[in-house]
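Below, each chain spelled out in residue letters.
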Amino acid sequence: MAPQESTPIAQPAGLPTAEEIMEPSPMAQMRKRVFGHYGIIIGGSTLLLIVLVAIFAPLLAPFDPILDQDLADKLKPPFWHDSPKYDPAHPLGTDLQGRDYLTRLMYGAQISLLIGFSAMLISLVIGTTLGVAAGYFGGRVDIIITFIITTRLSMPVVLVALAVVSLIGSSLWIVIGVLGLLIWDQFAVVMRSATMQIRNLDYVAAARACGCSTFHIVAKEIMPNVVNHLIVVATLEMAHAILLEAALSFLGLGVQPPTPSWGLMISEAKGMMFFDAWLIGIPGAALFALILSINLLGDGVRDVTAPENRN
Amino acid sequence: MTDGTEHELILKVENLTVDIPVAAGMLHPVQAVSFEVRRGETLCIVGESGCGKSLTSLSIMNLLPSTAIRTATHLALDGEELQNVSENRMADIRGDKMAMIFQEPMTSLNPSYTIGNQLEEALLRHRKVSKSEARDRAVYLLEKVGITAARSRLTQYPHQLSGGLRQRVMIAMALMCGPEMIIADEPTTALDVTIQAQILHLLADLQKEFNMGMILITHDLGVVSRIADRVAVMYAGQVVETGTAKQVFENPTHPYTQGLLECIPIPGKTERGAHLGSIPGIVPSLVGDLPGCHFADRCRYAADRCRTGEITLRDSFDPGHVYRCVLQPDECAAHLKKGAA
Amino acid sequence: MLIYFLKRLGVAVLVALTVSVLTFSLIYLSGDPAMALAGEEATEADIALIRRVYGYDQPIIVQYWDWLTRALQGDLGRSHYLKEDIADVIFTRLPNTLILAACAITFALVLAIPLGVAAAIRPNSLIDRFALTVAVVGQALPSFWFALILIFFLGIQLRWLPITGTDSWMNFIMPAIALGYYVTPGVMRLTRAGMLEVLQSDYIRTAKAKGLRPIRVLFKHALRNAIIPVVSLAAVQFGFMLGGSIVIETIFSINGLGFLAWETIQRADLPMMQAIVLVFSIFYIVITFLADLLNAYLDPRIRIS
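Each value, and the rule that gives it
Residues numbered from 1 in each chain as written. Chains lettered and ligands numbered in written order. Predicted model: local features only at pLDDT ≥ 70, side-chain atom pairs only at ≥ 80, totals over all residues. Helix = DSSP H or I, 4+ residues; strand = E, 2+ residues; numbered from the N terminus. Rg over C-alpha atoms; globule rule 2.2 N^0.38 Å. Contact = placed C-beta atoms within 7 Å. Buried ≥ 20, exposed ≤ 12 C-beta atoms within 10 Å, placed from the backbone. Nonpolar A, V, L, I, M, F, W, Y, C, P; charged D, E, K, R; others polar. Domains from an automatic or database assignment. Pairing = 2+ DSSP bridges. Axes fitted to C-alpha atoms, helices over the stretch in contact; angles between N-to-C directions. Core = buried A, V, L, I, M, F, W, Y, C linked by C-beta atoms within 7 Å. Left-handed = near helix turned anticlockwise from the far one by under 90°. Parallel < 35°, antiparallel > 145°, perpendicular 65-115°, else oblique. pLDDT = per-residue confidence, 0-100. Expected span 1.5 Å × (residues − 1). Bend = angle between axes of the 7 residues up to and from the residue.

So, on to the overall build of chain B. In terms of helices and strands, chain B carries 11 helices and 13 strands. Computed over its C-alpha atoms, the radius of gyration of chain B comes to 21 Å, within 12% of the 20 Å expected for a compact globule of 341 residues. Dimensions of chain B, computed from the C-alpha atoms along their principal axes, are close to 65 × 50 × 45 Å. Sequence separation of at least 24 residues holds for 65% of the intrachain contacts in chain B that already meet a minimum separation of 6.

Shown next as structure tokens:
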């Protein structure tokens, strides 16, 4: 008699069919989570608005941010100040040089977004390369890369950035480059641990057993599974870079006048704080709104892509 | 009772029900479960994963997750009704009159404190004793549970002990206040097979020695046949059969119990080379109301009458032996003989 | 434990040495340091003289070795601008920065840890939502802007607190808040996440099964374990605060290391700049090393292995 290993299990009557058990498709669930998430809705729409304003600043802005200055028009108050000096042509008033504050605010969004995004991109490439390499190869590679990360962390970003910028001179691109070369640590740390976790999973072992190349395994098996972490860190680091640029510009060692940077606008208005606090309030609030929207979006992405990690 | 003596009732559970609101509706993991435990007696609760065994034990200790809702007509320890006592009173009872041993010895001890600290704490919480008295009690119990060099173990941390040793520590910890009732929730599942038997024998011995009532939750029927006085078989949140160990093992009446027993080889009874049984299908979802017999979808004798109304517990051959099925006891027995033939 | 200690110490020393190399090479970023020092009107002869006096004509390895050996003996050189001994300047400025950093981290931890614990005890409750709001808002506030807002309201409008200087303890309140709040969100979130995880752990269930009171379960059994990762984070955040002190001390005119750093950078005082970057980094290395030791003390799995 042939050994009968197992008898086929018939579908017992009355059990729910596959369609009944099936939940909505993953994409549908994802859509539901995305659009049911206040953080993503609020953060995403605010960010979108700021991005649109930045892109279309030349069309939207009533004046030129640098050339249209008239000292006779300086320090016009914004619309909520019930003052006879208010000029409807300048709804947010004018700065010390008589430049339209709304215009400079709009162009300032360009600077913040450009620096934040570019610096984040540079650090993403550096940090992800280091992190994935450390996590995937482990051993000596990991020891060396961890050492590099530790060394990088032990040098304060603000101080090193200030020193470097002061030594090699300051321009928009130098600020982007310096920040990009300094803030990759989070990418490296997060990617390292995420890669480590995934590397030990069975499906990666299976790919390796099949003789897949390292490149193939990293690109096809690991990257798709760490990309949600990557997006979260990317948003946080973009916000980080924007804050750092603002701080550098505030200290006079970032973007140079007359470029309209929000940090620089706050710095220029510092002396007027007693009488015209709105000069500081407006660009600061814009900065706050931008960082807040990016962070809300990042938190939202984390919640939505890893619902099991919520709470 | 089978041995003819009537022991003092320690734990009385009647119509214990646990409901947990979940996204898809209301989950009913424990449905009107009733049983009694007497002093010096071991009740084994048997069933597959997810049948509600663990939640039953946690609900007796009132350690359910905060979203869970517990109801019962009776939940009495030593005559004291526990349903509406304050959390303070419940905390006084836990670890003192009633103690619990968990499934995962590897994670059930706090990694930051020594074994001694965690053992002594249990006694210091409930008794007015000095630290050195508590330490002596800890050493005494560590020796009782078979740990050598007990006094030097007190200063060790959990990560320095193996899983088997940690479970022995957990047992000692449960015994610190000399409880009347002990609940062991699959205490050996996470351990090596060779150690499982040692731990179970240890538990059974201690239970007799200290004359406690014990609930042992397990899915290992081999274990049950050796140490249980009474057995409750649970399926999908309900007790489907309960009786003395002898009754249930000699005259398994519910088709599920029969199926379970066919799944294990019994030395001397199961023929060499014979196929062991298996129960096809999966445990049904317990979200929402499930009419009829919960086992119907997997039962080989299922008929239309099994799928409507509520199937209640009924007497089997002997008094005290009840089961939850529409078939008569002799019908079940006949089926069993046919199946075995 | 001893092996762990020595290993960590070895890494810390190696990191410090690497940092010193990086710091030393900072001055070559601008090209020829002698030229930078001499100024634009200097003649070739002037530059050659400066090069010889400051040793810039030596091979770089020799220069680094000289600098390092002297630095190890506490001689960080002389400031080009102040014409004073750098180590002396740094030591006179150090206390203000230490006081500020200590106040700031205390403020941050005292706010963040109880809030994180409270939020974890009742997830999705009002206090949890409040904590989350504090975290989200805190993370988005630019510190220099927040400092100016504090000055505007507490200093100018209400006149509760002095705006600049270090004359009394009142002077440190606003700077400490402005510097510390940025640490709060991270510490708060980690405390909350750690507590949530620990509170669901098996050993918390064991503690409850022993009949321990909720307070004891929370503080003895849960917080002790949840706090371990927070210690590491707080140390790292302390490092960020050192960087932040540059901005904050500048705004509040606190005569500390951060303010000195900013002045030095403005003056392009190269040896001073090197020394400050080195001191800040060494500070961070020491703090994280101490945090590792504290962790080892708190976590027996590290201490006894």
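Past the structure itself, the notes keep going.
Further remarks concern the overall build of chain C. A count of helices and strands for chain C gives 14 helices and zero strands. Projected onto the principal axes, the alpha-carbon positions of chain C cover approximately 85 × 55 × 30 Å. Counting over 305 residues, chain C shows a buried share of 45%. Intrachain contacts of chain C at a sequence separation of at least 6 include 71% that bridge at least 24 residues.

Between chain A and chain C, the residue contacts involve 35 residues of the former and 37 residues of the latter. Only α6 (139-153), α7 (157-168), α11 (214-250) and α13 (278-305) of chain A provide two or more residues apiece to the side of chain A that touches chain C. Per-element accounting of the side of chain A that touches chain C gives the leading share, 10 residues, to α7 of chain A. Split into classes, the residues belonging to the side of chain A that touches chain C amount to 28 nonpolar, seven polar and no charged.

Moving on, we get to the domain arrangement of chain B. Residue and element names in this part refer to chain B. One can read the domain layout of chain B as domain 1 (40-60 + 87-97 + 183-340) and domain 2 (106-176). A straight line from the C-alpha centre of domain 1 to that of domain 2 covers 32 Å. Between domain 1 and domain 2, the residue contacts involve 11 residues of the former and 12 residues of the latter. Of the residues that constitute the side of domain 1 that touches domain 2, the class distribution is nine nonpolar, one polar and one charged.

Taken domain by domain, chain C comprises domain 1 (31-74) and domain 2 (91-267). Here domain 1 of chain C and domain 2 of chain C have C-alpha centroids that lie 42 Å from each other.

Before going further, it helps to examine the sheet that holds strand β11 (residues 238-244) of chain B. Residues and elements named next belong to chain B. If you walk across this open sheet you meet the eight strands as β7-β8-β9-β3-β10-β11-β13-β12, and the pairing is mixed. Looking at strand neighbours, the two that pair on one side only are β7 (98-101) and β12 (314-315), the edges of this open sheet. The pairing of β12 with strand β13 (residues 322-323) spans two bridges and is antiparallel. Residue pairing across strands places aspartate 315 opposite valine 322, the latter belonging to β13. Packed on one face of the sheet, helix α1 (residues 53-61) meets β3 (42-46), β7, β8 (181-185), β9 (213-218) and β10 (230-235) and runs near 150° to β8.

Okay, the nonpolar core next. Ala161, Leu162, Leu179 and Ala247 of chain A together with Ile276 of chain C are the most contacted members of the largest nonpolar core, which totals 255 residues. For leucine 179 of chain A, the contacting residues outside a window of four places in its chain are Ala119, Ala161, Ala241, Leu244 and Glu245 of chain A.

Every contact between the two is made by 19 residues of chain C and, on the other side, 25 residues of chain B. Breaking the side of chain C that touches chain B down by element, the ones donating at least two residues are α10 (202-209), α11 (214-252) and α14 (300-303) of chain C. With seven residues, α10 of chain C is the single largest residue contributor to the side of chain C that touches chain B. Classifying every residue of the side of chain C that touches chain B gives six nonpolar, five polar and eight charged.

Take the pairing of β11 of chain B next. Residues and elements named next belong to chain B. A large share of β11 lies buried, amounting to six of its seven residues. Pairing geometry for β10 and β11, over six bridges, is antiparallel. The residue bridging valine 231 from the neighbouring strand is glycine 243, located in β11. Hairpin connection of β10 to β11: two residues between the antiparallel strands, including alanine 236 at a positive phi of 50°.

If you want to describe how two helices pack, look at the angle between their axes and the distance between the axes. Residue and element names in this part refer to chain C. Contact pair helix α12 (residues 257-267) / helix α13 (residues 270-298): the axes reach a minimum separation of 9 Å and the direction vectors enclose 145°. For the crossing formed where α12 meets α13, the hand is left-handed. Side by side, α12 and α13 meet where Leu257, Leu260, Ala261, Thr264 and Ile265 of the first sit next to Met272, Met273 and Ile276 of the second. Looking at the contact of α12 with α13 residue by residue, the class counts come to seven nonpolar, one polar and no charged.

Okay, the packing of α11 of chain C against α12 of chain C next. Residues and elements named next belong to chain C. It is at 7 Å that the axes of α11 and α12 come closest, and there the two elements cross at 90°. Taken together, the axes of α11 and α12 lie roughly perpendicular to each other. Two secondary-structure elements touch here, α11 through Ser245, Ile246, Ile248, Glu249 and Thr250 and α12 through Leu257, Gly258, Phe259, Ala261 and Trp262. Looking at the contact of α11 with α12 residue by residue, the class counts come to six nonpolar, three polar and one charged.

Residue proline 258 of chain A is reached from proline 257 of chain A by a cis peptide bond, and omega for that bond is 5°. Inspection of the secondary structure puts proline 258 of chain A in the loop between α11 and α12 (262-269). Even without glycine at this site, aspartate 78 of chain B takes up a positive phi of about 55°. Here aspartate 78 of chain B shows up in the loop between β5 (74-77) and β6 (80-81). For asparagine 211 of chain B, which is not a glycine, the phi torsion comes out positive at approximately 55°. Considering the arrangement of structural elements, one finds asparagine 211 of chain B in the loop between α7 (193-210) and β9.

Turning to the environment of glutamate 237 of chain A, a few remarks are in order. Residues and elements named next belong to chain A. Of note, glutamate 237 is situated in helix α11. Sequence spacing of glutamate 237 and alanine 119 is 118 residues, and the spatial spacing of their C-alpha atoms is 8.6 Å. Here glutamate 237 is in contact with Met120, Ser123, Ile183, Gln186 and Phe187, once residues within four sequence places are set aside.

Moving on, we come to the confidence of the model for chain C. Residue and element names in this part refer to chain C. In this model, chain C carries a mean pLDDT of 87, and residues with pLDDT of at least 70 account for 97%. Considering each helix and strand of chain C separately, the mean pLDDT is smallest for helix α2 (residues 33-38), with a value of 69, and largest for α10, with 93. Note on the complex model: pTM 0.84, ipTM 0.87.

Here we come to the environment of serine 261 of chain A. Residues and elements named next belong to chain A. Assignment of secondary structure puts serine 261 in the loop between α11 and α12. Expressed as a C-alpha distance, the spacing of serine 261 and valine 34, which sit 227 residues apart in the sequence, is 32 Å. If sequence neighbours within four positions are ignored, serine 261 has contacts with Gly108, Ile111, Glu245, Ser249, Gly254 and Val255.

Once that is clear, we can look at the pairing of β5 of chain B. Residues and elements named next belong to chain B. Along β5, the buried face is formed by Leu75 and Leu77; none of His74 and Ala76, which line the opposite face, is buried. The pairing of strand β1 (residues 9-22) with β5 spans four bridges and is antiparallel. Counted as the bridge partner of glutamate 14 is histidine 74 from β5. Strand direction decides the pairing type here: β5 and β6, joined by two bridges, are antiparallel. Of the residues in β6, the one forming a bridge with leucine 77 is glutamate 80. Following β5, the chain reverses through two residues before pairing antiparallel with β6; aspartate 78 in that reversal takes a positive phi of roughly 55°.

As a further point, take helix α5 (residues 86-121) of chain C. Taking 1.5 Å of rise per residue, the 36 residues of α5 of chain C would be expected to cover 52 Å, and the 50 Å separating its terminal C-alpha atoms lies within 8% of that figure. The largest bend in α5 of chain C comes to about 35°, at leucine 94 of chain C, with the proline proline 95 of chain C one to four residues further on.

Turning our attention to the environment of leucine 206 of chain B. Residues and elements named next belong to chain B. Summarising the element assignment, leucine 206 is placed in helix α7. The exposure class of leucine 206 is partly exposed, given the 19 C-beta atoms found within 10 Å. Through-space distance from the C-alpha of leucine 206 to that of tyrosine 113 is 26 Å; in sequence the pair is 93 residues apart. For leucine 206, the contacting residues outside a window of four places in its chain are Lys144 and Leu175.

Moving on, we get to α12 of chain C. Counting buried residues in α12 of chain C gives eight out of 11 residues, a clear majority hidden from the surface. The set of residues buried in α12 of chain C consists of Leu257, Gly258, Phe259, Leu260, Ala261, Trp262, Thr264 and Ile265 of chain C.

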